[in-house]
Amino acid sequence: MTSRLIRLAVALVLAWAGAAMAPRHACRLSSPSLFMVISGVCFVLVPLLAFWPRTGRTGWMIAALAPLIAFGSMLFYVEIIHWELFPTSLLNVAGAYANPCRANRKQIEMAKTQWAADENKTVGDMPTDTDLFGADRYFRVKPSCPGGGTYTVGRVGEPTRCSLKQHVDQP
Ligand SMILES: [Zn+2]
């Protein structure tokens with residue numbers, strides 16, 4: 001029993017090490033559901049398979065394969081979420097666009113601050129879109145959320161918000 005538990009622990013540690021060795025990808029694309037499935041295989045199924053056999057040989061062989069399986073699975077994960085035929089419904093598209101969305105909201109904030117200074121407005125005053133955006137305004141067009149959210153400019157002193165819950169800044 002003890003040796004089986006050791007096999008389970010070794011398989012877990014090796015799987016973790018293998019997954020950690022896999023190269024990180026720079027883009028922020030992710031698929032939480034697929035990641036759950038792959039993690040389940042690497043960190044639950046494979047360690048259990050190493051634990052299960054009564055003969056040590058098979059168990060240790062599976063434990064030794066755990067890092068390779070984890071490493072390969074992570075490469076497969078990165079590769080398949082970039083596949084053009086991968087269903088978009090499984091992708092966290094909004095999460096991928098959180099940074100550009102934040103940059104857009106910063107721009108809107110700047111326009112709002114400038115508008116308040118130019119028009120002698122103070123905390124609580126609310127600009128309309130036509131106050132901020134247009135040919136002779138601070139920005140020609142209102143920035144739009146690349147993830148498909150809509151912006152609420154808000155009052156002076158309030159942050160500009162995006163309607164996507166993944167784009168809500170944590171305080
Ligand atoms: Zn957004």
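Residues numbered from 1 in each chain as written. Predicted model: local features only at pLDDT ≥ 70, side-chain atom pairs only at ≥ 80, totals over all residues.

A.B. asks: Help me understand the environment of E79, please; the structure alone is not making it clear to me.
C.D. replies: Assignment of secondary structure puts E79 in helix α3 (residues 56–81). Given 11 C-beta atoms within 10 Å, E79 falls into the exposed group. (Helix = DSSP H or I, 4+ residues; strand = E, 2+ residues; numbered from the N terminus. Buried ≥ 20, exposed ≤ 12 C-beta atoms within 10 Å, placed from the backbone.)

A.B. asks: Any chance you could explain helix α5 (residues 98–118) here in plain terms?
C.D. replies: Every α-helix winds through 3.6 residues per turn, so residues three or four apart in the chain are directed the same way. Under the 1.5 Å per step criterion, the end-to-end length of α5 is 30 Å for 21 residues, consistent within 8% with the ideal 30 Å. For α5, every residue scored as buried is listed here: C101, N104, R105, I108, A111 and K112. Considered in projection along α5, the buried side chains sweep an arc of 115° and stay on one side of the axis. Turned more than 90 degrees off the buried face of α5, the exposed positions are N99, R102, A103, A117 and D118. Contacts from the buried residues of α5 go to α6 (129–132), β1 (151–152) and β2 (161–162). A positive backbone phi angle near 55° is found at N120, which sits one or two residues after α5. (Expected span 1.5 Å × (residues − 1). Arc of directions from axis to C-beta. Contact = placed C-beta atoms within 7 Å.)

A.B. asks: What should I look at first to understand the environment of R28 in this one?
C.D. replies: Assignment of secondary structure puts R28 in the loop between α1 (2–21) and α2 (32–51). For R28, a count of 12 C-beta atoms within 10 Å gives the class exposed. Each C-alpha atom, one on R28 and one on V93, is 8.9 Å from the other, the two residues being 65 residues apart in sequence. The contact partners of R28, leaving out residues within four places of it in the chain, are G95 and A96.

A.B. asks: Explain α3 here, please?
C.D. replies: Over its 26 residues, α3 extends 37 Å from the first C-alpha to the last, a length consistent with the 38 Å expected when each residue adds 1.5 Å. The sharpest bend along α3 measures roughly 35° and falls at L65, with the proline P67 sitting one to four residues further on. Looking at α3, one finds that the buried residues are G59, I62, A63, A66, P67, I69, A70, F71, S73, M74 and Y77. Contact partners of the buried residues in α3: α1 and α2. (Bend = angle between axes of the 7 residues up to and from the residue.)

A.B. asks: So what exactly am I meant to see when it comes to the domain arrangement of the protein chain here?
C.D. replies: It is common to give the size of an interface as the accessible area lost on bringing the parts into contact. Under the domain assignment used here, the protein chain contains domain 1 (2–91) and domain 2 (97–167). Put simply, the middle of domain 1 and the middle of domain 2, counted by C-alpha atoms, are 43 Å apart. (Domains from an automatic or database assignment.)

A.B. asks: Sorry, what's going on with the nonpolar core here?
C.D. replies: Note on soluble globular proteins: their nonpolar side chains tend to be buried together. Residues A11, A15, V46, A50, I62, A66 and A70 are the most contacted members of the largest nonpolar core, which totals 17 residues. Elements with a contribution of two residues or more to this core: α1, α2 and α3. No other element matches the eight residues that α3 contributes to this core. Once you skip the residues sitting within four places of it in the chain, A66 turns out to touch A11, L14, A15, G18, V46, P47 and A50. (Core = buried A, V, L, I, M, F, W, Y, C linked by C-beta atoms within 7 Å.)

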